[in-house]
Amino acid sequence: MEKAKELYKIYCAICHGNAGDGKGKLVTQGKYLGVPNYKDRPITEGSVFHVQQFGLNAMGSYANQMSKEERWLVTAYVMKLKSEL
């Protein structure tokens, strides 16, 4: 989980927040609005991986930045954060 947490902080936390609450730095500074709290979304491992692979709305794909294995690590970490919210 340490590697997953590290990747999440690099690629995701800036918008989604360290806790997955949708209050990352870019959101709190008003650069992006409407970033969801994981608690409020009906997400699954498949949906999280899919969004990283292909992007969704304002979020682009991370397929070129992270390997498939890294995206699965981040997926597991997102699901962990969701369970803690």
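Residues numbered from 1 in each chain as written. Predicted model: local features only at pLDDT ≥ 70, side-chain atom pairs only at ≥ 80, totals over all residues. Heavy atoms only, no water.

What is the right way to look at the side chain of Arg71 in this model?
Along the chain, Arg71 turns up in helix H5 (residues 68–84). Buried within the structure, Arg71 lacks any salt-bridge partner; its nearest side chain of opposite charge belongs to Glu70, at an N-O separation of 6.9 Å. Here the side chain of Arg71 touches Gln53 through a polar contact of 2.5 Å, side chain to side chain. Those residues in contact with Arg71 that lie beyond four places of it in its chain are Phe49, Gln52, Gln53, Tyr62, Ala63 and Met66. (Helix = DSSP H or I, 4+ residues; strand = E, 2+ residues; numbered from the N terminus. Buried < 20%, exposed > 50% of the residue type's maximum accessible area, 1.4 Å probe, protein only. Lys, Arg positive; Asp, Glu negative; His and termini not counted. Salt bridge = Lys/Arg side-chain N within 4 Å of Asp/Glu carboxyl O. Polar contact = N/O pair within 3.5 Å; in protein donor to acceptor, adjacent residues only side chain to side chain. Contact = heavy atoms within 4.5 Å.)

Teacher, can you tell me more about the pattern of salt bridges here?
With the rule as written, the count across this model stands at one salt bridge. A salt bridge links Lys80 to Glu84, with the shortest nitrogen-to-oxygen separation between them at 2.7 Å. Of this pair, Lys80 and Glu84 both sit in helix H5, four residues apart, roughly one helical turn. Overall, the relative accessible area of 51% leaves Glu84 in the exposed class.

What exactly am I supposed to notice about the packing of helix H4 (residues 45–54) against H5 here?
For any two helices packed against each other, one specifies the crossing angle of their axes together with the interaxial distance. Packing of H4 against H5 leaves a shortest axis separation of 9 Å and a crossing angle of 130°. What the angle tells us is that H4 and H5 run oblique. In the packing of H4 onto H5, the handedness of the crossing is right-handed. In contact with Glu45, Val48, Phe49, Gln52 and Gln53 of H4, H5 contributes Lys68, Arg71, Trp72, Val74, Thr75, Val78 and Met79. A class-by-class count of the residues in the contact of H4 with H5 yields six nonpolar, three polar and three charged. (Axes fitted to C-alpha atoms, helices over the stretch in contact; angles between N-to-C directions. Parallel < 35°, antiparallel > 145°, perpendicular 65-115°, else oblique. Left-handed = near helix turned anticlockwise from the far one by under 90°. Nonpolar A, V, L, I, M, F, W, Y, C, P; charged D, E, K, R; others polar.)

So what exactly am I meant to see when it comes to the packing of aromatic side chains here?
Between two aromatic rings, the relevant description is the distance of the centres plus the angle of the planes. In total, this model carries four aromatic pairs according to the counting rule given. On the basis of an interplanar angle of 55° and a centroid distance of 5.3 Å, the ring pair of Tyr8 and Tyr77 is categorised as tilted. Taken together, the residues span a long stretch of sequence, with Tyr8 in helix H1 (residues 2–11) and Tyr77 in helix H5 at a distance of 69 residues. The class for Tyr8 is buried, based on a relative accessible area of 0%. Overall, Tyr77 belongs to the buried group, its relative accessible area being 7%. Between Phe49 and Trp72, the aromatic rings sit 4.2 Å apart at their centres with planes inclined by 15°, giving stacked as the arrangement. Here the residue Phe49 occupies a position in helix H4, and Trp72 occupies one in helix H5, the gap between them amounting to 23 residues. Exposure remark for Trp72: the relative accessible area of 40% places this residue in the partly exposed category. Chaining the aromatic ring pairs together yields one cluster made of Tyr8, Tyr38 and Tyr77. (Phe/Tyr/Trp six-rings, centres within 6.5 Å; stacked < 30°, edge-to-face > 60°.)

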